[in-house]
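Tertiary structure, described
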Amino acid sequence: MKKSAFISDIIFTFFLASLFTLCLFRYLGLKLPFAALLSVLCGVLAACGIGAYLQSKRKSFFLKRSDESKKQRLLTHLALLTDAQKTAFFQEVLSNGEENAKRFSPLKLYTENAFYFLRFRFSPVEADEVASISRLKTAKPKIILCDRIEESAAKLAGALGVEYKTAEAVYTLVKDRGALPENFLGEEQPQDKKKRRLSLCFAKTNARRFFVAGALVLLTSLLTPFPYYYLIFGSLLLVVAVLVRIFGYR
């Protein structure tokens, strides 16, 4: 929910509740000043209640968006890891719980309760892989940890008794065990992001925008009784326009 919509909903609630209660209090015979005071109080209480509800809903929405973003970053990170790194990562993740995970071979781990197969890449798990996994001789449940699985592969897994956990379950597993990476592979580093923002802000093509903004601010100084603020900042914007034009990023 946008902040402007959030504020407008609160204002609308205030006026609606105030108007309704004012009419109600006047109908009950209260004098206008006292009725107006009570209606304003009721409007404030109603606005506070709606505000608290919308704020909790807004926080929940942003938490969901944050989790979705982290999930996609984690899956990209896992797909970019080498087979050895994926094996070591999930060995640590599974060992953070009650289980003690051990390495069987690259992309294969086992615990006392299950056998895990790691399939993280940019394409879904196929039916042939499920068939290959099902042939491993073990009495333990076989679980595939992956990003996605094809529909035919999922049906075959159900028929062969092979379990699978896809993106949502894998993200929850990693998050609940406190193993989310601090830095994700495949994402821009903070210093690179800062440099890119600077290059976008102070690109030579932005010189005209700084010039137009400065000129408008200077013109505004002619219409206000307090022109010094506009003169100073308008002049600064014109200076920035010249500097960006000469020294800005291409």
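Below is a short write-up of the structure. Just so you know, these numbers come straight off a predicted model, no measurement behind them.

About the criteria used
- Residues numbered from 1 in each chain as written.
- Predicted model: local features only at pLDDT ≥ 70, side-chain atom pairs only at ≥ 80, totals over all residues.
- Heavy atoms only, no water.
- Helix = DSSP H or I, 4+ residues; strand = E, 2+ residues; numbered from the N terminus.
- Buried < 20%, exposed > 50% of the residue type's maximum accessible area, 1.4 Å probe, protein only.
- Contact = heavy atoms within 4.5 Å.
- Areas by Shrake-Rupley, 256 points an atom, 1.4 Å probe, with all protein chains shown as cover.
- Axes fitted to C-alpha atoms, helices over the stretch in contact; angles between N-to-C directions.
- Parallel < 35°, antiparallel > 145°, perpendicular 65-115°, else oblique.
- Left-handed = near helix turned anticlockwise from the far one by under 90°.
- Salt bridge = Lys/Arg side-chain N within 4 Å of Asp/Glu carboxyl O.
- Pairing = 2+ DSSP bridges.
- Right-handed = clockwise from strand over helix to strand, strands pointing away.
- Patch = residues over 30% accessible without salt bridge, like charges linked within 9 Å, V, L, I, M, F, W, Y side chains within 5 Å.

Another point: the overall build of the chain. Of regular secondary structure, the chain possesses nine helices and five strands. Counted from the first residue to the last, the chain has its helices and strands arranged as α-α-α-β-β-β-α-β-α-β-α-α-α-α. Expressed as a percentage of the 250 residues in the chain, the buried residues total 30%. In the chain, 55% of the contacts between residues at least 6 apart in sequence involve partners at least 24 apart. About 16700 Å² of surface is accessible on the chain, with carbon and sulfur atoms providing 63% of the total.

Before going further, it helps to examine unusual backbone geometry. Backbone geometry at L107 places phi at a positive 70 degrees, although glycine is not the residue there. Along the chain, L107 falls in the loop between β1 (102–105) and β2 (108–110). A residue is classified by how much of its surface remains accessible, and L107, at 16% relative accessible area, is buried.

Contact geometry for helix α4 (residues 127–134) and helix α5 (residues 151–160): axes closest at 8 Å, N-to-C directions at 20 degrees. Regarding the angle of α4 to α5, the classification is roughly parallel. The two elements α4 and α5 cross, and the hand of that crossing is right-handed. Together, A127, V130, A131 and S134 of α4 and S152, A153, L156, A157 and L160 of α5 make up the contact between the two elements.

Another aspect to go through is the pattern of salt bridges. Overall, the coordinates contain five salt bridges when judged by the stated rule. Where E168 meets K71, a salt bridge forms, and the shortest distance between an N and an O atom there is 3.2 Å. Here E168 is found in helix α6 (residues 167–176), whereas its partner K71 is found in helix α2 (residues 32–80), with 97 residues between them in sequence. A relative accessible area of 47% places E168 in the partly exposed class.

So, about the sheet that holds β2. Pairing in this open sheet of five strands is mixed, and the strands run β1-β2-β3-β4-β5 from one edge to the other. Single-partner strands in this sheet number two, and they are β1 and β5 (162–165). Neighbouring strand axes in the sheet, compared pairwise and without regard to direction, differ in orientation by 30 degrees on average. Looking at chain direction, strand β4 (residues 142–146) and β5 are connected through four bridges and run parallel. Across the sheet, residue I143 finds its bridge partner in β5, namely E163.

Moving on, we get to the pairing of β4. Across the five residues of β4, five count as buried, placing the element largely inside the fold. Alternating residues of β4 divide into K142, I144 and C146 and I143 and L145, and every residue in both groups is buried. Summarising the sheet, strand β3 (residues 115–119) and β4 pair through five bridges and their orientation is parallel. Bridge pairing in β4 links L118 to L145. Handedness of the crossover joining β3 and β4 through α4: right-handed.

In this structure, A79 sits in helix α2. The residues touching A79, leaving out its near neighbours within four places in the chain, are K86, F120, R121 and F122.

Quick look at a nonpolar patch on the surface now. On the surface, Y228, Y229, L231, I232, F233 and L236 cluster together into a nonpolar patch covering about 670 Å² of accessible area. Position of F233 among the secondary structure elements: in helix α9 (residues 227–247).

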